[in-house]
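The primary structure of each chain is shown beneath.
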Amino acid sequence: LFLYLVVIALEEKMIISKLGDNATLSCIYQERKLHLKKLRVYWQITDQDECSVVHALISGQDNESEQCIHFKNRTQLFWDRLGNGDFSLLLLNVSQSDKHKYKCVILEKTDYTKMIHQTEVVLSLAASYSQPILSGPTRNSDSTGEEVTFSCRSGNGYPRPNVYWINKTDNSHMPPSKLEITPHDDGTYSVFSTLKVKATSNMQIECSIENKILQENLSANYTEQKQSNESHKNLQKNGRGAQAAGIVSIVIMISVLAVLTCWLWRRKSSKLVSYTGNV
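Calculation rules
Residues numbered from 1 in each chain as written. Predicted model: local features only at pLDDT ≥ 70, side-chain atom pairs only at ≥ 80, totals over all residues. Heavy atoms only, no water. UniProt positions renumbered as here; feature names shortened; annotations may be inferred. Disulfide = S-S within 2.5 Å. Helix = DSSP H or I, 4+ residues; strand = E, 2+ residues; numbered from the N terminus. Buried < 20%, exposed > 50% of the residue type's maximum accessible area, 1.4 Å probe, protein only. Pairing = 2+ DSSP bridges.

The protein chain goes by ICOSL protein in an unreviewed UniProt entry, where it is assigned to Pedionomus torquatus. Per UniProt, the comment on the protein chain under Subcellular location (unreviewed entry) is "Membrane".

The following block contains the structure:
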């Protein structure tokens, strides 16, 4: 019996919540029928010495007399579940300051008060990173072999991410040239990383941002093929063709203007001869 109580006392659950979401801290006792009027249920913080009462239920009624100010109007029990032994707590609008280890303690008063159930819940927080933006170098046909720089950025995530640079031609990982992870006032992070590599004729680079807690892996890809000599020649050929077409158009326009001018001159001359004859 003593060993059984020790196991119960150390029972621990892990809850993951996104910043700004609501989190449900689980506490369920279904060993036998309970009478709410005889119960005291306390949700407490166990990893700080300051105010520790998160929520209290005494004789079937919420009691806010000892509740920490930080949790005022942010906690509630599921009243339709209490009769079934479910004393889980709903924590509203989770923030960084809610990252704690919580304990649910159920006391029953009969001839004396005794603890009949205890559960610990660790609340871990997370926030999804934004889709990474990958910027690649501006290249020309002669840049193969030269050092080029890629940059990748993402933000508004938690906790600190893992950043990977991957050469997609062989799926090899490349160490970043620079990695900056910046914390913000709201507890989230932004990340900026660069990669310097030798340019190749067919570069396929991926930047990947991993959030381990949420098991999210967001990536952005860069693919560029070096312009071949044949396509370069075709481009030059097309350019010369366009230039020739422009010259032909100008010649035709000049010819049309010359014909129009000649016609107008002849018409004017014809009218002048007719007038002279009448005189």
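So much for the structure itself; the text now carries on.
Participant: Go over the state of the cysteines, please, and point to the residues and values.
Facilitator: Summed over all chains, the structure comprises 3 disulfides. Disulfide pairing places cysteine 27 opposite cysteine 104 at an S-S distance of 2.0 Å. With the S-S bond torsion at -65°, the cross-link from cysteine 27 to cysteine 104 turns out left-handed. Here cysteine 27, found in the loop between β2 (23-25) and β3 (39-45), pairs with cysteine 104, found in strand β8 (residues 101-109); they are 77 residues apart in sequence, far enough to count as distant. When its relative accessible area of 0% is taken as the criterion, cysteine 27 is described as buried. Each sulfur in the disulfide pair cysteine 152 and cysteine 207 lies 2.0 Å from the other. The disulfide joining cysteine 152 to cysteine 207 has a torsion of about -80° about its S-S bond and is therefore left-handed. Note that cysteine 152 is positioned in strand β11 (residues 147-157) and cysteine 207 in strand β16 (residues 202-211), a separation of 55 residues in sequence. Residue cysteine 207 is classed as buried on the basis of its relative accessible area of 0%. Numbered by order of appearance in the sequence, the disulfide-linked cysteines of the protein chain pair as 1-4, 2-3, 5-6.

Participant: Give me the sheet that holds strand β9 (residues 113-126): which residues, what numbers.
Facilitator: Picture the strands of a sheet paired through backbone hydrogen bonds; they go either parallel or antiparallel. Within the open sheet, the 6 strands sit side by side as β1-β9-β8-β3-β4-β5. Their pairing is mixed. Taken across any chain shown, the strands that pair with only one partner, and hence form the sheet edges, are β1 (12-18) and β5 (61-62). As defined by bridge partners, β1 adjoins β9 across 7 bridges and the pair is classed as parallel. If you follow methionine 14 over to β9, its bridge partner there is valine 122.

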